[in-house]
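# Secondary and tertiary structure notes
The lines below spell out each chain.
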Amino acid sequence: MAKKGVPLSEMATSDTHGEDSAYFAGWKAYDEDPYDAASNPSGVIQMGLAENQVSFDLLEDYLEQHPQEFGWGCGTSSFRENALFQDYHGLKSFRRAVALFMEQIRGGRTQFDPEQIVLTAGATAANELLSFILADPGDGLLIPTPYYPGFDRDLRWRTGVNIVPVHCNSSNGFRITLRALEDACAGAETMKVRVKALLLTNPSNPLGTAITRPVLEEILDFVARKDIHLISDEIYSGSVFSSDEFVSMAEVVEARGHEERDRVHIVYSLSKDLGLPGYRAGTIYSYNNEVVTTARRMSSFTLVSSQTQKMLASMLSDKEFTENYLRTNRERLKKRYEFVVEGLSNAGIRCLQGNAGLFCWMNLGELLEEPTVEGELSLWNLILHEAKLNISPGSSCHCLEAGWFRVCFANMSQQTLEVALMRMKDFTEKMKAKQMISSM
Amino acid sequence: MRVIVPLQAVVQGRGGIVLGSLIPCALFYFLQLYIRRDRPSSSASSLPELAPIPRSLSRSLLSPRGSSGPARLSSRGASVARDDDNPYYVGLKRCAEDPYHQSSNPHGFIELGLAENWLSLDMIRDWLISNVKEPLLLDEEGELSIHGLATYQPYDGLMDLKMAVAEFIGQVMQGSVSFHPSQIVLTAGASPAVEILSFCLADPGNAFLVPSPYYPGWDRDIKWRTGIELIPVPCRSTDNFSISIAALELAYNQAKKRGVKVCAVLVSNPSNPVGNLIDRETLYDLLDFVMEKNIHLISDEVFAGSTYGNDRFVSVAEVLDSENFDRRRVHIIYGLSKDLCVPGFRVGVIYSYNENVLAAASKLARFSSISTPTQCLLISILSNTKFITEYLKVNKERLCDMHALFVDGLKQLGIKCASSSGGFYCWADMSMFIQSYNEKGELKLWDKLLNEAKINVTPGSSCHCIEPGWFRCCFTTLTKQDIPIPTPFSRTIRSRPPL
């Protein structure tokens, strides 16, 4: 952005907002030409947005039975308290409800204390807050690749913090290894970047896999050895297809009798599991009281609407509803996933074996003209403009191996998904045919 | 709500309290006895204490690597983790922990330090009861659909809300200027609005010139994460704390000498904490000043709809409309917490004429977005312009009445207030009651007011006022019964002049 007229700050004019990348360019293309079955059947289908719409009907049913809560969320007698409530501690009933919900997701295997919960307007804000609190400008955050493209912006932009990638690859299913962690640290040291924390996304975005217990244990040992913090972003914890396949960092910490807990902070939100990103309800759960106090104060910049807190407190405290929701949601996501993987397989496309999330991680390496970032982006561009599908290229996620793409499947109807898979099949057939011809 | 006076306790040296008269009388009795008492001051123990710095933190300052202590915070985080000893926050905390309630907590603290308006919530509540019966989830076909509420929406606010807010601000300014929705970025409160704007206008180490006294919250909202310096530019009681361009000029040059780059002038209008309005002439002068220095002007107008008195509020937007100033350097901060009395809903506004600022701010708004259902609710309320017109009118009348009563009540105790036409507070001169005419003396009085009279007011030093003895007293959380009707006793006391 050129500086013209009255001077602006570096931050306002820099590119650190990261929105010039392919990840966001695809969204723009979708915004300009969005698919609609009836009115725009040749429009772009959005598969680059990890949003969960598969269980809206459950929420709508709940609302029909409890209309008061989604109206203006407050009975007449308490309107005043609600309208005035801007305490950064957050509504106690809401914090309790969130703690309960998080425990339910983990099958009751952990306990969460509402007093350790800090509320923020979304997980985006939660992650940024932790960056501000745990690291100084110029410090480093270790993040295993591939990772959510938004991190480049959310964690670095205003904080001045650096991301130090921990490279994982397909040889072991992109599992995080000790070697990769050590290498990343060594790299940081050479660049004179002080590493302050490791940020894990579990289940992983974009891989769609839950991290196994042995790896989590190894990671906790590693951060303890390096005396750094550990942020465990568990926003997809309720979207693991089968609940016993998810191990939370909280479980590992509790199993160790809470040793090392002062360095562990969990990020959660209702945007993915509950499909309510518009509500802006995120949280930091920390075992470290200093972090809780500081995060609370800083959350003044990102408070959750009191009306929303009240509304959600009721809903999340309804155990019957939440149990049914979590179970049904998992089943539907699993079904979708299997449907997508099968559809892609019919098109000759392999996916990483996943067990969680709103997306799958597929490999189009065979279709690349050259196994490079350029090759990948060129293919991505073709898929966007010819197949009219917006998917996310692995390079946006800092994947070192070219040809991997993240495909979201939960933000559309079954019919639209079928259309998308059909388009994908047609496209790959065309590409393979082209390749055959050019190799003749 | 009745108010308690620790009269007997002060006289008899005990901790008991008696039902007495009402707030300014409470103040008066207390101040009289405070001045005359010759017991040794016990205030040292009740002054706010700095929390001890935890050992692990101090160790990190000495040896940044490899200790066996628990994981440390960044220096940014650590400075925030330390307890805030600023009286502004100490008082608020104390009151929040032990708030006065007529029946359930008659010995609690009375809060006069929080600028919240409770006078007109009943009107909003009543409107909601009669108008918002159905859930807000009916889509265009009248079908129940959560889609519009639940899914990701633009981070800087729904266009419908921007339109409704633009309309609302126009009504607040009484139609003197129209606001364009496309120049609005919505945020979860005015605090993130001013922080995001600051991130856009200045780099770490740069500075804003801020006429003082100013709102204590800015020290946190602006300086904290941005690294921007706030340079207070003192205003004087002799001209009712009006902004002086000469003082701005001086401060600008002093900053320059220090090698500090000034990026903007930040003003509040109506002023917080004084409550006066910036007149048209001064607005022109400010615009000339920022043009000449090639810097920005930020006008925080959150109290624009909460005016009373004879002076008409003039927004900087109105002046821009009528003259040929360079608009790209002007930005307005607004919000619904004050004028619509809904701070819990978190709605702040950045209004800018600078498209680059808008572009950057709308991206930064992702960290502070307003919850969609709340946005929908507010669209509903704000779209009913007839209700809003009535609401704004009645709210102003109530503010006017309370202000007059409160100021008069203070006057009867010999406490004069600065002339003010807006806001939820008055700026009271209690300098004649402080023992040593300096910040320490002022804080001593503040402390006694808080811990003995159990009244929280905001001391001028928290607002960077250079003249000791001024206090901001909010009156919008009171009811009329709290404002005193003179009793025979108080008349007797009043006849004796204050020391």
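One can find the structure itself at the top, above this paragraph.
Remember, predicted model here, so these are calculated numbers, not experimental data.

## A look at the overall build of chain B
Summing up its helical and strand segments, chain B has 20 helices and 15 strands in all. Taken across its 499 residues, chain B has 60% of its residues classed as buried. If you sum the accessible surface of chain B, you get close to 19500 Å²; carbon and sulfur atoms cover 52% of it.

## A short note on the overall build of chain A
Helix and strand content of chain A: 16 helices and 13 strands. Over its C-alpha trace chain A gives a radius of gyration of 22 Å, about what one expects of a compact globule, namely 22 Å for 440 residues. Dimensions of chain A, computed from C-alpha atoms along their principal axes, come out at roughly 75 × 55 × 55 Å. The burial tally for chain A puts 63% of its 440 residues in the buried class. Expressed as a percentage of contacts within chain A between residues at least 6 apart in sequence, the contacts between residues at least 24 apart total 76%. Total accessible area on chain A stands at roughly 16000 Å², and carbon and sulfur atoms take up 50% of it.

## What about the sheet that holds strand β13 (residues 404–408) of chain A?
Residues and elements named next belong to chain A. Taken together, 4 strands build an open sheet; the order of strands is β9-β10-β13-β12 and the sheet is antiparallel. Both outer strands of the open sheet, β9 (350–351) and β12 (392–393), are each paired with one neighbouring strand and no more. With 5 bridges connecting them, strand β10 (residues 359–363) and β13 associate as antiparallel partners. Bridging from a neighbouring strand, M362 pairs with F405 of β13. The sheet contacts of helix α15 (residues 373–385) involve β12 and β13, and relative to β13 the element is tilted by about 30°.

## Digging into a negative patch on the surface
Side chains of B:D279, B:E281, B:D285, B:D288 and B:D311 sit close together on the surface and give a patch of like negative charge. You can see B:D288 is positioned in helix α14 (residues 280–293).

## Comments concerning the sheet that holds strand β8 (residues 296–300) of chain B
Residue and element names in this part refer to chain B. Taken in spatial order, the 7 strands make up an open sheet running β4-β10-β9-β8-β7-β5-β6, and their pairing is mixed. Unpaired on one side and paired on the other, β4 (184–187) and β6 (229–234) mark the two borders of the sheet. Neighbour to neighbour, the strand axes of the sheet diverge by 25° on average, direction disregarded. Taken together, the 5 bridges between strand β9 (residues 330–335) and strand β10 (residues 348–352) define a ladder with antiparallel strand orientation. Note on β10: the bridge partner recorded for G335 is G348.

## Notes on the nonpolar core
In terms of nonpolar packing, the biggest core is built from 101 residues, with A:M47, A:M362, A:L364, A:L379, A:I383, A:M424 and B:F208 touching the most fellow members. Each residue touching A:L379, except ones within four places of it in the same chain, is listed here: A:L364, A:L367, A:L368, A:F405, A:F427 and A:M431. Counting 73 residues, the second-largest nonpolar core is a separate cluster that includes B:L209, B:A251, B:F325 and B:L340.

## As for the pairing of strand β6 (residues 229–233) of chain A
Residue and element names in this part refer to chain A. Within β6, 5 of the 5 residues are buried, leaving the element largely enclosed by the surrounding structure. Crossover connection from strand β5 (residues 195–201) via helix α10 (residues 213–226) to parallel β6: handedness right-handed. Across 4 bridges, the pairing between β6 and strand β7 (residues 264–269) is parallel. Each residue of the ladder has a partner; that of L230, found in β7, is V264.

## A few points about the packing of helix α9 (residues 159–172) of chain B against helix α17 (residues 372–383) of chain B
Residues and elements named next belong to chain B. With their axes 9 Å apart at the nearest point, α9 and α17 run at an angle of 35° to one another. Once α9 is placed against α17, the crossing between them reads as left-handed. Residues D160, L161, A164, V165 and F168 of α9 form the contact with α17, whose own contacting residues are Q375, L378, I379, L382 and S383. Per-class residue counts for the contact of α9 with α17 are 7 nonpolar, 2 polar and 1 charged.

## Notes on the pattern of salt bridges
Two side chains of opposite charge can pair, provided their charged atoms sit close to one another. Counted under the stated rule, the structure contains 33 salt bridges over all chains. The salt bridge involving A:R256 is made with A:E217; its shortest N-O contact spans 2.9 Å. Separated by 39 residues along the polypeptide, A:R256 in the loop between α11 (249–255) and β7 and A:E217 in helix α10 bring together distant segments of the chain. Judged by its relative accessible area of 23%, A:R256 is partly exposed. For B:E292, the salt bridge is made with B:K293, and the minimal N-O distance between the two is 3.4 Å. Its relative accessible area of 58% is what places B:E292 among the exposed residues. Each of A:E128, A:R158, B:E195 and B:R225 takes part in salt bridges that share partners, so that together they form one network.

## Some remarks on the packing of aromatic side chains
Under the definition given, this model contains 25 aromatic pairs over all chains. An aromatic cluster is present here, built from A:F112, A:Y285 and A:Y287 joined pairwise through their rings. One Lys or Arg, B:K293, reaches over the ring of B:Y252 and ends 5.0 Å from the middle of that ring.

## Re the pairing of strand β2 (residues 117–120) of chain A
All names here are of chain A. Burial along β2 is two-sided: I117 and L119 facing one way and V118 and T120 facing the other are all buried. Pairing between β2 and strand β8 (residues 282–286): 4 bridges, direction antiparallel. In the sheet register, I117 faces β8, and the bridge partner there is Y285.

## As for α15(A)
Taking 1.5 Å of rise per residue, the 13 residues of α15(A) would be expected to cover 18 Å, and the 18 Å separating its terminal C-alpha atoms lies within 8% of that figure. The complete set of buried residues in α15(A) reads A:G375, A:E376, A:L379, A:W380, A:I383 and A:L384.

Reading guide: rules and limits
Residues numbered from 1 in each chain as written. Chains lettered and ligands numbered in written order. Predicted model: local features only at pLDDT ≥ 70, side-chain atom pairs only at ≥ 80, totals over all residues. Heavy atoms only, no water. Helix = DSSP H or I, 4+ residues; strand = E, 2+ residues; numbered from the N terminus. Buried < 20%, exposed > 50% of the residue type's maximum accessible area, 1.4 Å probe, protein only. Areas by Shrake-Rupley, 256 points an atom, 1.4 Å probe, with all protein chains shown as cover. Rg over C-alpha atoms; globule rule 2.2 N^0.38 Å. Contact = heavy atoms within 4.5 Å. Pairing = 2+ DSSP bridges. Axes fitted to C-alpha atoms, helices over the stretch in contact; angles between N-to-C directions. Patch = residues over 30% accessible without salt bridge, like charges linked within 9 Å, V, L, I, M, F, W, Y side chains within 5 Å. Salt bridge = Lys/Arg side-chain N within 4 Å of Asp/Glu carboxyl O. Lys, Arg positive; Asp, Glu negative; His and termini not counted. Charge placed at Lys NZ, Arg CZ, Asp CG, Glu CD. Core = buried A, V, L, I, M, F, W, Y, C linked by side-chain atoms within 4.5 Å. Right-handed = clockwise from strand over helix to strand, strands pointing away. Left-handed = near helix turned anticlockwise from the far one by under 90°. Nonpolar A, V, L, I, M, F, W, Y, C, P; charged D, E, K, R; others polar. Phe/Tyr/Trp six-rings, centres within 6.5 Å; stacked < 30°, edge-to-face > 60°. Lys NZ or Arg CZ within 6 Å of the ring centre and 35° of its normal. Expected span 1.5 Å × (residues − 1).

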